[in-house]
Amino acid sequence: MDEVSVDEGESNSSIEVAPALIAVHPLEESVAVATGAELRVFSLKGDQPINLQDDSEGPSHSEAIRAISFGAKGRFFASAGDDKLVKVWAVDSWHCIRTVCSEKRVSAVAVSHDGRWLTFADKFGIVWAADLSVVRDSDMPVNRKPIPILAHYCSIITSLEFSPSGQYIVSADRDFKIRVTVFPRNPSNGAHEIQSFCLGHTDFVSCLAFVKTEEDPLGFLLSGSGDSTVRMWDFPSGCLLCTCDVGEKAELGELIGEEDHPAVTDLCASPDGSIVAVAIQSFCGIVLLTCDLSTKSIAVAKVIYFKKSFIPTCLGMSCSAERLWTVTGASNFPSSTTLPLACVKVIDGLQNCYLDSNGAGPVELENDSIPGGEKLLTKLQGSVSAAKEEKALSEAAEAVKTAMRNLLIKKQYSAEKRDFRKRSRNDKKLKQ
Amino acid sequence: MDNKPDRQSKTTRLPRKRFYRARAHSNPLSDSHFPVPVSPSQFEYSLHYPHFYPSEETNETDVGISSAAKTQPKIQFADVGCGFGGLLVSLSTLFPDTLMIGMEIRDKVSEYVKERILALRVANPGQYQNISVVRTNSMKYIPNYFEKAQLLKMFFLFPDPHFKEKNHRRRVISMHLLDEYAYTLQVGGTIYTITDVEELGIWMKSCLEEHPLFEAVPREELEVDPVVKLLTSATEEGQKVARNGGQTYQAVYRRIAAPLVENGRVSPPVN
Ligand SMILES: C[S@@+](CC[C@H](N)C(=O)[O-])C[C@H]1O[C@@H](n2cnc3c(N)ncnc32)[C@H](O)[C@@H]1O
């Protein structure tokens, strides 16, 4: 009833808003930022901005990029979004080696650890796999078309990840589901064997990350959700090991105002889980958690407050987890200027706050101490001074928040309602 | 129910968002919403099968495993899109110790089935305690009701045909949804499908045939399975088709184990 009025009153523009994204190479060799249709890459290894080259003969991104990811242990990078293009880049040269066309807009992307398979999720909740291997002989052509391998019925997939061993592909959706599926050696006939569902979240699942130790090489899954929690799972069994109510534990209530249960919007973790950075809806800062994998517990380690109007839209970290890279910004929001907005902030000394509480805490790096310095900022932000555009940034943050809500909570209803109306029409037809 | 005081934040008196977000799990396909268990361990067995769960208090604890539920029987048969519940009623006395559930998306229809079962329980003391119904969208929420390998039998009798090609993805049998049914059925468990629409019959059979986790149940076994006879006779839709002398197309398949070794990697055991 009330949903009808709410979602019919919604303007399309708020749904189109795309948050800025960031991805850090596992060895911190490069950093990528996506804002709108723009993909910006800076090579930290070469200390220079990258000019992307396209060898794939496919079109370039023309609409908002919704998902970026370093895959195959940092050999490949994938980008995808509203233009229905999924582009795969060879990280050593930053040439686009493949452009795959999706039938629908793309919401999540992941490349298998062996670099053979590109997987992506479309707006219908279907996960596709495309073979990335190069055609070597013409007798055995590789099937270049993506194949649907699994689906979340009528729910948009927010995150797609391969487990550390590569044995499973894990998909999270806008209802509250996390599905763990055995990833077959040859997925061209689909991925039919569901290993488990990780159920416990009571709102949309926004993000996934894996952590592991030598004792537990299979690892554990972390998930963040609109229900304000981060949860730890024994994912092969779907067993919930720990729930951390981040909004409550970090005592963010007053800072965020009206949101007494703010959504977890992104999360990234050091490989062993000792450092887990969490971004929270409406919160100008980061909450750092720590996972104890021996006791299977998650605790809040530290809350970092930013200057006003920097609400991170996305987080990134290399394997060494020395630094946390964050970005805020958006494209396509009503008052946005011509340039898609992105502003980067780097937190250094992450390890410190875990050692002892009196030691030097994590610090927000000044422009000139950020790796790559102003050159990097010029590339990734579009200008060194993006951070000064406070007004634009806070508008962007607000737009992202509204868009998240609309997209994550209400959009699915209209799709289902249509579904239902059609279905009930069929029912009638049948009865006669 | 929107006036409950705890729905408002104490400090601001504004409706708390968390209660509105909760709608994400109920599914406003019609004017009222239905609740969905967060996970199978949250399913309220004592409400649905009081006879099998005597004096067990409904515990409202957060997501966790209710230890009592572990030792008590779980649902083993599911009738998906159960309509008016004729199949459940017939199966109930045939398998009196097996818990069964009907899943139905239409509010009024599921209410009807609920009333029907309650009336049967009153009229036949001690009987019909093993069947119940939930209003739900089976295409979205099967994993919320059943754990891995929990079910022995699943029924899909006379499902909606969705003729148009672009609506095929709405069919309740599809390659993708079969993955979920395979997950929730134990190895050796059975999936029963029947329709009077030839095109749908071919579709359901070919999905099952293609799916690596199902194989056809041999004819000899079908002949001795008492359940097979019910497919055409027990449900309201089946009876209607029979009255009109319509032809039916059935496909009965068994859940088989996944291949154990995949590229030298041993797959985790299917439990
Ligand atoms: C044609 S009727 C058949 C009913 C019953 N099985 C019989 O044989 O009499 C199909 C039923 O499936 C229900 N249904 C359709 N889609 C459903 C869904 N996604 N979840 C649950 N029930 C559904 C419909 O409401 C309808 O009652």
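Residues numbered from 1 in each chain as written. Chains lettered and ligands numbered in written order. Predicted model: local features only at pLDDT ≥ 70, side-chain atom pairs only at ≥ 80, totals over all residues. Heavy atoms only, no water.

1. Description of the overall build of chain B
For chain B, the count of helices and strands is 11 helices and 9 strands. Looking at chain B alone, contacts between residues at least 24 apart form 74% of all its contacts between residues at least 6 apart. Accessible area for chain B stands at about 13,000 Å²; split by element, carbon and sulfur atoms hold 54% of it. (Helix = DSSP H or I, 4+ residues; strand = E, 2+ residues; numbered from the N terminus. Contact = heavy atoms within 4.5 Å. Areas by Shrake-Rupley, 256 points an atom, 1.4 Å probe, with all protein chains shown as cover.)

2. A short note on the pairing of strand β10 (residues 95-101) of chain A
Residue and element names in this part refer to chain A. By the bridge criterion, 2 bridges tie strand β6 (residues 53-54) to β10 in an arrangement that is parallel. Each residue of the ladder has a partner; that of D54, found in β10, is C96. Pairing analysis gives 6 bridges linking strand β9 (residues 85-90) to β10, with the strands arranged antiparallel. Residue pairing for β10: K87 is matched across the bridge by T99. (Pairing = 2+ DSSP bridges.)

3. Thoughts on the site of the ligand
Taken together, 18 residues surround the ligand, and among them E104, R106, N137, L157 and T235 of chain B come closest. Looking at the residues close to the ligand, they fall on chains A and B. With respect to the ligand, the backbone of I105 of chain B contributes an N or O atom lying 3.2 Å from a nitrogen atom. Considering the ligand on its own, with 600 Å² of exposed area, one finds that the protein chains cover 93% of that surface. (Near = heavy atom within 4 Å. Polar contact = N/O pair within 3.5 Å; in protein donor to acceptor, adjacent residues only side chain to side chain.)

4. Observations concerning unusual backbone geometry
Residue and element names in this part refer to chain B. In this model, Y128 sits at a positive phi of 60°, which is unusual for a non-glycine residue. Looking at where Y128 falls in the secondary structure, it is placed in the loop between α5 (107-123) and β3 (131-135). Residue Y128 is classed as buried on the basis of its relative accessible area of 13%. For F158, which is not glycine, the phi torsion reads 50° and is therefore positive. In this fold, F158 is placed in the loop between β4 (151-157) and α7 (175-184). (Buried < 20%, exposed > 50% of the residue type's maximum accessible area, 1.4 Å probe, protein only.)

5. Considering the pairing of strand β21 (residues 229-234) of chain A
All names here are of chain A. A large share of β21 lies buried, amounting to 5 of its 6 residues. Of the pairings in the sheet, the one linking strand β20 (residues 220-225) to β21 comprises 4 bridges and is antiparallel in character. Within β21, the position partnered with L221 by the bridge is W233. Following β20, the chain reverses through 3 residues before pairing antiparallel with β21; S228 in that reversal takes a positive phi of roughly 80°. If you look at the hairpin formed by β21 and strand β22 (residues 239-245), you'll find 4 residues sitting between the two strands, and G238 has a positive phi there, around 80°.

6. Looking at the sheet that holds strand β25 (residues 285-292) of chain A
Residues and elements named next belong to chain A. In spatial order, the strands read β23-β24-β25-β26; together these 4 strands make up an open sheet with antiparallel pairing. Here the strands that pair on one side only, and so sit at the sheet edges, are β23 (264-269) and β26 (297-305). Taken pair by pair, the neighbouring strands of this sheet meet at an average axis angle of 25°, ignoring direction. Pairing analysis gives 5 bridges linking β23 to strand β24 (residues 276-280), with the strands arranged antiparallel. What sits directly across from V264, in β24, is I280. (Axes fitted to C-alpha atoms, helices over the stretch in contact; angles between N-to-C directions.)

7. Remarks on the UniProt feature "active site" (unreviewed entry) in chain B
As recorded in UniProt, the feature "active site" (unreviewed entry) lies at D160 of chain B. With respect to the helices, strands and loops of the structure, D160 of chain B is situated in the loop between β4 and α7. (UniProt positions renumbered as here; feature names shortened; annotations may be inferred.)

8. Section: the UniProt feature "repeat: WD" (unreviewed entry) in chain A
Residues and elements named next belong to chain A. Per the UniProt record, "repeat: WD" (unreviewed entry) is annotated on residues 58-99 and 198-243. The annotated region residues 58-99 carries 0% helix and 57% strand content, and the separation between its end C-alpha atoms amounts to 5 Å. The annotated region residues 198-243 carries 0% helix and 54% strand content, and the separation between its end C-alpha atoms amounts to 12 Å.

9. Points about the packing of aromatic side chains
Overall, the coordinates contain 21 aromatic pairs over all chains when judged by the stated rule. Ring centres of F197 of chain A and Y183 of chain B lie 4.9 Å apart, and the angle between their planes is 85°; this geometry places the pair in the edge-to-face category. Placement of F197 of chain A in strand β18 (residues 194-198) and of Y183 of chain B in helix α7 is noted, with the two residues assigned to different chains. An angle of 50° between the planes, with centres 6.3 Å apart, marks the rings of Y145 of chain B and F146 of chain B as tilted. F146 of chain B gets classed as buried once you look at its relative accessible area, which sits at 0%. Clustering of aromatic rings is evident, with ring pairs tying together F43, Y45, Y49, Y53, Y145 and F146 of chain B. Directly above the ring of F310 of chain A sits K345 of chain A, whose terminal nitrogen or CZ lies 4.8 Å from the centroid. (Phe/Tyr/Trp six-rings, centres within 6.5 Å; stacked < 30°, edge-to-face > 60°. Lys NZ or Arg CZ within 6 Å of the ring centre and 35° of its normal.)

10. Some thoughts on the packing of helix α4 (residues 86-94) of chain B against helix α10 (residues 226-233) of chain B
Residue and element names in this part refer to chain B. One can describe the packing of α4 onto α10 by two numbers: an axis separation of 10 Å at closest approach and a directional angle of 155°. Considered as vectors, α4 and α10 are oriented roughly antiparallel to each other. Between α4 and α10 the crossing geometry is right-handed. Together, L87, S90, L91 and L94 of α4 and P226, V227 and L230 of α10 make up the contact between the two elements. In the contact of α4 with α10, the residues fall into 6 nonpolar, 1 polar and no charged. (Parallel < 35°, antiparallel > 145°, perpendicular 65-115°, else oblique. Left-handed = near helix turned anticlockwise from the far one by under 90°. Nonpolar A, V, L, I, M, F, W, Y, C, P; charged D, E, K, R; others polar.)

11. Description of the UniProt feature "binding site: S-adenosyl-L-methionine" (unreviewed entry) in chain B
Residues and elements named next belong to chain B. On the UniProt side, "binding site: S-adenosyl-L-methionine" (unreviewed entry) is annotated at positions that read G81, E104, I105, N137, S138, L157, T235, E236 and E237 here. Counting through the fold element by element, G81 comes out in the loop between β1 (75-80) and α4. Among residues more than four places away in sequence, those in contact with G81 are M103, E104 and L157. Along the polypeptide, L157 turns up in strand β4. Residue class for L157 comes out buried when judged on its relative accessible area of 7%. Excluding residues that lie within four positions of it along the chain, L157 makes contacts with G81, L87, Y192, I194, L231 and T235.

12. Remarks on the sheet that holds β20 of chain A
All names here are of chain A. Read from one edge to the other, the open sheet built from 4 strands follows the order β19-β20-β21-β22, with strand pairing classed as antiparallel. Looking at the sheet topology across the chains shown, the edges are occupied by β19 (205-211) and β22. Strand-to-strand twist across the sheet, computed as the mean angle between neighbouring axes with direction ignored, equals 20°. Sheet topology note: the β19/β20 ladder contains 6 bridges and is antiparallel. When the sheet's bridge partners are listed, V205 is paired in β20 with S225.

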